[in-house]
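Results of the structural survey
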Amino acid sequence: MFPKLVVATGLAVMMASSAMAETFEIQMLNKGSDGSPMVFEPAYVKLMPGDTLKFVAADRGHNAESIKDRSPEGSGEFKGKINEEIEVTFEVEGWYAIQCKPHFAMGMVMAVEVGDADVPEDFLEGRLPRRAKDRLEAAIASAQ
Ligand SMILES: [Cu+2]
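Residues numbered from 1 in each chain as written. Predicted model: local features only at pLDDT ≥ 70, side-chain atom pairs only at ≥ 80, totals over all residues. Heavy atoms only, no water.

The protein chain appears in an unreviewed UniProt entry as Pseudoazurin from Boseongicola aestuarii. Quoted verbatim from the Subcellular location (unreviewed entry) heading of the UniProt record, the comment on the protein chain is "Periplasm". (UniProt positions renumbered as here; feature names shortened; annotations may be inferred.)

**Topic: the coordination of the copper ion**
Distances from the copper ion to its protein donors, namely H62 (ND1), C100 (SG), H103 (ND1) and M108 (SD), fall within the range 2.0 to 2.5 Å. Counting along the primary sequence, the residues that act as donors to the copper ion give the motif H-x37-C-x2-H-x4-M. Separated by 38 residues along the polypeptide, H62 in the loop between β4 (51-56) and β5 (65-66) and C100 in the loop between β7 (94-99) and β8 (109-114) bring together distant segments of the chain. For C100, a relative accessible area of 0% corresponds to the buried category. (Donors = N, O, S within 2.8 Å, 3.2 Å for Na, K, Ca; no water. Helix = DSSP H or I, 4+ residues; strand = E, 2+ residues; numbered from the N terminus. Buried < 20%, exposed > 50% of the residue type's maximum accessible area, 1.4 Å probe, protein only.)

**Considering the packing of aromatic side chains**
Taken as a whole and judged by the stated rule, the model has six aromatic pairs. Considering the side-chain rings of F90 and Y96, the 4.8 Å spacing of their centres and the 90° angle between planes classify their relative orientation as edge-to-face. In this structure F90 comes out as buried when scored by relative accessible area, which is 2%. A centroid spacing of 6.0 Å and a plane angle of 70° characterise the contact between W95 and F123, whose relative ring orientation is edge-to-face. With a gap of 28 residues between them, W95 in strand β7 and F123 in the loop between β8 and α2 (130-141) connect regions that are remote in the sequence. Look at F123 and you get buried, because its relative accessible area is 4%. Members of the aromatic cluster, connected to one another through ring pairs, are F40, F55, F78, F90 and Y96. (Phe/Tyr/Trp six-rings, centres within 6.5 Å; stacked < 30°, edge-to-face > 60°.)

**Some thoughts on the sheet that holds β8**
The sheet built from four strands is open, its strands ordered β3-β8-β7-β5 with mixed pairing. Strands at the two margins of the open sheet, each flanked by one partner only, are β3 (44-47) and β5. As paired elements, β7 and β8 share six bridges and run antiparallel to each other. Note that in β8 the partner of W95 across the bridge is E113. (Pairing = 2+ DSSP bridges.)

**Some remarks on the nonpolar core**
Counting 20 residues, the largest nonpolar core has F40, L53, F55, F90, I98, M110 and V112 as its most contacted members. Only β1 (23-31), β2 (37-41), β3, β4, β6 (87-90), β7 and β8 provide two or more residues apiece to this core. Counting 15 residues, the second-largest nonpolar core is a separate cluster that includes W95, F104, A117 and I140. (Core = buried A, V, L, I, M, F, W, Y, C linked by side-chain atoms within 4.5 Å.)

Here it is as structure tokens:
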């Protein structure tokens, strides 16, 4: 009797946590609501592990993909095609930097925090266009 109870409880917990996973939309825009050109909006989101981001091609000519080596170890990387509305589920806790490849130099980037994670020391190190770095810094600063 007792082992059965344990199994049933485990199942209930799993169902509850998957039901709570949420999907958030990120708009890919030629012009943000504050007037700045080429943005992901919002440029920072905080997720729980298992949550999903949907990248909405509100304007044309954008994509969403990982910035190399700026994701938690073991999380893998992703790459959407231009105009493709991809959904990405984030399972690994930590910080992720995401770019629109055609507008990377113009600073079309965003930051995702999954769980409660410290920003890695090398998150903004290495080669990064000035405007991309500025926007990632602003995204980090807006984190609670
Ligand atoms: Cu773009």
